[in-house]
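# Results of the structural survey
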Amino acid sequence: MNAYKFLADGAVSPFAGFRWPVGAWVEAGSADVCRLGIHACRIGDLPFWLGPELWEIELDGDVVAHPRKVVAPRGRLVRRVEAWNEAARQDFGASVLSRTRTRFGAVAVLGGYVGDIERHLATGRVPLAAFAAARAAERAGGPIEYERERSRQAAWLADRLSLGTD
Amino acid sequence: MRLDQELTCAQVVEIVTAYLEDALGDADRERVEEHLVFCDGCSTYLGQMRETIALTRRLEPEHIPSRLQDELLAAFRGWSPA
Ligand SMILES: [Zn+2]
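In short, a report on the structure. Position labels on residues start from 1 in each chain and follow its written sequence. Starting at A for chains and at 1 for ligands, labels are handed out in the order in which the entities are written. Only residues with pLDDT of 70 or above have their local features reported here, since the model is predicted, and side-chain atom pairs are shown and tallied only from 80 upward, although totals for entire chains, interfaces and linings are computed over all residues. Calculated side-chain values reflect all of the structure's heavy atoms, with hydrogen atoms and water omitted.

Attention shifts here to the nonpolar core. Counting residues in each nonpolar core, the largest one holds 51 residues, and the members touching the most others are A:L46, A:L54, A:W84, A:F92 and A:L163. Comment: elements are numbered from the N terminus, with helices defined as DSSP H or I runs of at least four residues and strands as E runs of at least two. Counting residues per element, the ones that place at least two in this core are strand 1 (2-7), helix 1 (86-104), helix 2 (111-122), helix 3 (126-141) and helix 4 (143-160) of chain A together with helix 1 (9-20), helix 2 (26-38) and helix 3 (40-58) of chain B. Considering every element that reaches this core, the biggest residue donor is helix 3 of chain A, with 10 residues. Excluding residues that lie within four positions of it along the chain, A:F92 makes contacts with A:L50, A:W84, A:V126, A:A130, A:Q153, A:W156 and A:L157. In these notes, a set of buried Ala, Val, Leu, Ile, Met, Phe, Trp, Tyr and Cys residues joined through side-chain atoms within 4.5 Å is what counts as a nonpolar core. Only protein chains enter the accessibility calculation, which uses a 1.4 Å probe. A residue is then buried if its area is under 20% of the maximum for its type, exposed if over 50%, and partly exposed in between. Grouped together as the second largest cluster of nonpolar side chains are 14 residues, A:A3, A:W20, A:V26 and A:W55 included. Should any heavy atoms of two residues lie within 4.5 Å, those residues are considered in contact.

What follows is about the packing of aromatic side chains. Pairing of aromatic rings covers Phe, Tyr and the six-membered ring of Trp, with a centre-to-centre limit of 6.5 Å; geometry is then stacked below 30 degrees between planes, edge-to-face above 60, and tilted otherwise. Going through the model one piece at a time under the given rule, you end up with seven aromatic pairs over all chains. Ring geometry for A:W84 against A:F92: centres 6.2 Å apart, planes inclined by 75°, an arrangement best described as edge-to-face. A relative accessible area of 1% means that A:F92 is categorised as buried. Both rings, one in A:F131 and one in B:F38, keep their centres 3.8 Å apart while their planes meet at 10°; by these two values the pair is stacked. Separated into two different chains, A:F131 in helix 3 and B:F38 in helix 2 make up a pair that spans both. The same class applies to A:F131 and to B:F38, which are both buried. Linked through ring pairs, A:F6, A:W84, A:F92 and A:W156 together constitute an aromatic cluster. The rule for a charge over a ring is simple: NZ of Lys or CZ of Arg within 6 Å of the ring centre, and within 35 degrees of the ring normal. Note that A:R68 overlies the ring of A:F48, its terminal NZ or CZ placed 3.9 Å from the centroid.

Take the interface of chain A and chain B next. Taken together, the contact pairs 20 residues of chain A with 18 residues of chain B. Salt bridges are identified by distance alone: a Lys or Arg side-chain nitrogen within 4 Å of an Asp or Glu carboxyl oxygen. The interface formed by chain A and chain B contains three salt bridges. Between B:D40 and A:R125 there is a salt bridge, and its shortest N-O distance comes to 2.9 Å. Any N or O atom pair separated by 3.5 Å or less is treated as a polar contact, with the protein-specific requirement of one donor-capable and one acceptor-capable atom, and with residues adjacent in sequence counted only for side-chain atom pairs. Linking chain A to chain B there are four residue pairs in polar contact (both at pLDDT 80 or more). Among the secondary structure elements, those contributing two or more residues to the side of chain A that touches chain B are helix 3 and helix 4 of chain A. Amino acid classes used here: Ala, Val, Leu, Ile, Met, Phe, Trp, Tyr, Cys and Pro are nonpolar; Asp, Glu, Lys and Arg are charged; the rest, including Gly, are polar. Of the residues belonging to the side of chain A that touches chain B, the class tally is 11 nonpolar, one polar and eight charged.

Below is the structure:
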C-alpha cells in the first residue's frame, strides 16, 4: 500500500534521525531505522505527525494498522509531496485558526484557545496550533470532538495536497 | 493526543531515558512521539539527551589521558553514595 510520511528537512526521520534514501527499499531493524517497523500515515493520521517535509511512501509486507499510524516491515520513499510547502503550512494554520475562532471565539474560556493558536502560528509552530485547536474542540464536546477536529484537519490536507484516499 | 491520554512535559522528561533506550512499550512510545511533534521544549530536551548519550558512548577509557584516568579512579575509590 502507499501511505505518507512526514520527515524533517533533508528527508530525515524526526525521531530516529535516519536519513531516508529516495526510491530504495529500507528494512525495519536495519541500522538507525526504528526496529519496530517503518511507520507511516494514512490520510487521517497526518495531523498528528505534521513536519517540514511530506513524502509518499510505498509499504511492503504485512502492514499493521494502529490507531494513529500504520507499521510495515519495509518501505521506500516514492516522491516528495511538493505541495506541502511554506504557503500550504500557513494556509493550513489559517484554516485551523479560522475554524476555532468561528466555533469558540465568543465562548468563555474556550475563546482563549484562539489567542493561543494565533501566537503559535506567529512563531511558526503549526503542529502546536493544530493540537490547540483539537484541544479546544475536546474541551467543548469531549474526546469525540478532538477526533472530529483532527479529521477536519486531515480533510483539509487531503484536499489541498491532492492526496489519494485511504 | 486527547486530554485523557496526554502525557505532560514532566512525564515525558521522566521517561525520556527509557524512550532513548527503547525500553517503552509501543503505546507509551507513541504517546511520547505524539507529544514531541508539538512540544518544542521536550524535543529540544530529547535532542540534548541523545547528544549526551552519544558523547558518553564515544568517550572510551583509552581516550582519557592516563594521568586523568588515575585521578578519576582515585576520586571514585573515595566516593560513596550520600
Ligand atoms: Zn513537552
